[in-house]
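Chain by chain, the residues run as shown.
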Amino acid sequence: MRLRLLGDSIAAGVGSTRREDTLGPLLAARLRAAGHDVDLRVHAVPGARSADLSTQVRAAIAGGVDLAVVVIGANDLTRFVPAHVGAQQLHDAVADLRRAGAHVVVATAPDLSVVAHVPPALRGLVSTVSRDYAQAQLQAVIRAGGVVAHVERVVTPQFAADPSLFAADRFHPSAAGYRAIAAALGPAVEAVAAEHRV
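Computed from a prediction, not measured in an experiment: that's the story for all the values here.

Q: Teacher, can you tell me more about a nonpolar patch on the surface here?
A: There is a patch of nonpolar side chains on the surface, built from Leu 122, Leu 125 and Val 129 and spanning about 270 Å² of accessible area. Within the secondary structure, Val 129 sits in helix H6 (residues 123-144). The partly exposed category is assigned to Val 129, whose relative accessible area is 42%.

Here's what the structure looks like:
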């Protein structure tokens, strides 16, 4: 099972002090526990936006990919990328991976209202914008033949309630935060991996 992680700093593991506590190794461990022989490569780049996915997709395809996990959207939100623009870029990335024979699972944009740097007065607006962006991504991924893991629905209340899920920069996840994200993402990844095995 050639597992490839694409996307931004969350897919890359920024914020965790140990590689084994980042998303790629955590998901690979889940798949190995389910009986898969996993080859993991992380193509994600901190700071990446949806516009940057095409380069990562080319690298993943060149090296071979059976299952791609894409985590993208936070930097699109912080850089005010219009939802229809980022969603189309994500659609194209997923479509290219699908044409190459890969299964694709996408975790859409997080709800940035839970980040401590967001002023309380703006949290409602930031939450609405985040949800709208994620909805545009969801529709684009489905059109391209990918699967959306609704990670944000599960982890947003957890991150809002537990500051220990954030790293010292109060933006990226800590090791505990990555475990929470992997737990929310894992079922969709395992289900798609099981389909690949069949």
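Q: Help me out: how do you make sense of the packing of helix H3 (residues 53-63) against helix H5 (residues 83-99) in this one?
A: Each pair of packed helices can be described by the angle between their axes along with the distance between the axes. One way to put it is that H3 packs onto H5 with a least axis distance of 9 Å and a crossing angle of 10°. Classified by the angle their axes make, H3 and H5 are roughly parallel. Taking contact as the criterion, the partners of Leu 53, Val 57 and Ile 61 in H3 are, on H5, Leu 90, Ala 93, Asp 96 and Leu 97. Looking at side-chain class alone, the contact of H3 with H5 contains 6 nonpolar, no polar and 1 charged residues.

Q: Whenever I open this one, the pattern of salt bridges confuses me. Can you help?
A: For side chains of opposite charge, pairing can occur when their charged atoms come near one another. The tally for this structure, following the rule as stated, stands at 8 salt bridges. In this structure, Arg 2 engages Asp 66 in a salt bridge whose closest nitrogen and oxygen atoms are separated by 2.9 Å. In this pair, Arg 2 sits in strand E1 (residues 2-7) while Asp 66 sits in the loop between H3 and strand E3 (67-71), placing the two residues 64 residues apart along the sequence. When the shortest N-O distance is used, the salt bridge between Arg 179 and Asp 21 registers 3.7 Å. Taken together, the positions of Arg 179 in helix H8 (residues 175-197) and Asp 21 in the loop between helix H1 (9-12) and helix H2 (23-33) put the pair 158 residues apart, joining distant regions of the chain. When salt bridges that share partners are traced, they join Arg 18, Glu 20, Asp 21 and Arg 179 into one network.

Q: What is the right way to look at unusual backbone geometry in this model?
A: Most of the time, phi is negative for any residue but glycine, and the peptide bond is trans. A positive phi angle is found at Phe 80, which is not glycine, with a value near 60°. If you trace the backbone, Phe 80 turns up in the loop between helix H4 (74-78) and H5. A relative accessible area of 71% places Phe 80 in the exposed class. For Arg 170, which is not glycine, the phi dihedral falls at a positive 65°. The topology assignment puts Arg 170 in the loop between helix H7 (151-161) and H8.

Q: Would you mind going over the packing of aromatic side chains with me for this structure?
A: In this description, an aromatic ring pair is defined by two values, namely the gap between the centres and the angle between the planes. According to the stated counting rule, one finds 1 aromatic pair in the structure shown. When the centroid spacing of 5.1 Å and the interplanar angle of 85° are considered together, the rings of Phe 159 and Phe 166 count as edge-to-face. When sorted by exposure, Phe 159 lands in the same class as Phe 166, which is buried.

Q: Explain H6 to me, please; I cannot follow it from the model alone.
A: It helps to recall that an α-helix has 3.6 residues per turn; residues three or four apart then point in one direction. End to end, H6 covers 31 Å across 22 residues, agreeing with the expected 32 Å (1.5 Å per residue, within 8%). Tucked into the core, H6 has its buried residues touching H4, H5, strand E4 (103-107) and strand E5 (147-149). Of the residues trailing H6, Gly 145 is marked for its positive phi of about 95°.

Q: Got a minute to help me understand the pairing of E1 in this structure?
A: Consecutive side chains along a regular strand alternate between the two faces of the sheet. A large share of E1 lies buried, amounting to 5 of its 6 residues. Relative to strand E2 (residues 39-42), E1 runs parallel, the two being bridged by 4 bridges. For Leu 3, the partnering residue across the bridge sits in E2 and is Leu 40. Sheet topology note: the E1/E3 ladder contains 5 bridges and is parallel. When the bridges of E3 are listed, Leu 5 appears paired with Val 69.

Parameters and conventions
- Every residue gets a number counted from 1 within its own chain, in the order that chain's sequence is written.
- Given that the model is predicted, a residue must reach a pLDDT of at least 70 before its local features are reported, and side-chain atom pairs must reach 80 or more before they are shown or counted; all residues, however, enter totals for whole chains, interfaces and linings.
- The side-chain quantities take in all heavy atoms of the structure and omit both hydrogens and water.
- To count toward a patch, a residue needs a relative accessible area above 30% and no salt bridge. Like charges then connect within 9 Å, nonpolar side chains (Val, Leu, Ile, Met, Phe, Trp, Tyr) within 5 Å.
- Only the protein chains shown count as cover for residues, and the accessible areas themselves come from Shrake-Rupley with a 1.4 Å probe.
- By definition, a salt bridge exists where a carboxyl oxygen of Asp or Glu is found within 4 Å of a side-chain nitrogen of Lys or Arg.
- Put simply, DSSP H or I for four residues or longer makes a helix, DSSP E for two residues or longer makes a strand, and each gets a number counted from the N terminus.
- Relative accessible area decides the class of each residue, using a 1.4 Å probe on protein chains only: under 20% of the type maximum gives buried, over 50% gives exposed, and in between gives partly exposed.
- Angles run from 0 to 180 degrees between N-to-C directions of axes, and those axes are lines fitted to C-alpha atoms, restricted for helices to the stretch in contact.
- Here roughly perpendicular refers to angles of 65 to 115 degrees, roughly parallel to angles under 35, roughly antiparallel to angles over 145, and oblique to all remaining angles.
- In what follows, a contact means two residues having at least one pair of non-hydrogen atoms within 4.5 Å.
- Ten residue types, Ala, Val, Leu, Ile, Met, Phe, Trp, Tyr, Cys and Pro, are classed as nonpolar, four, Asp, Glu, Lys and Arg, as charged, and the remainder, Gly among them, as polar.
- In this scheme Phe, Tyr and Trp rings, the latter by its six-membered ring, pair at centre separations within 6.5 Å, and the angle between planes marks the pair as stacked below 30 degrees, edge-to-face above 60, and tilted otherwise.
- Under the convention used throughout, the expected extent of a helix is 1.5 Å for every residue step, that is, one less than its residue count.
- At least two DSSP bridges between two strands are needed for those strands to be called paired.

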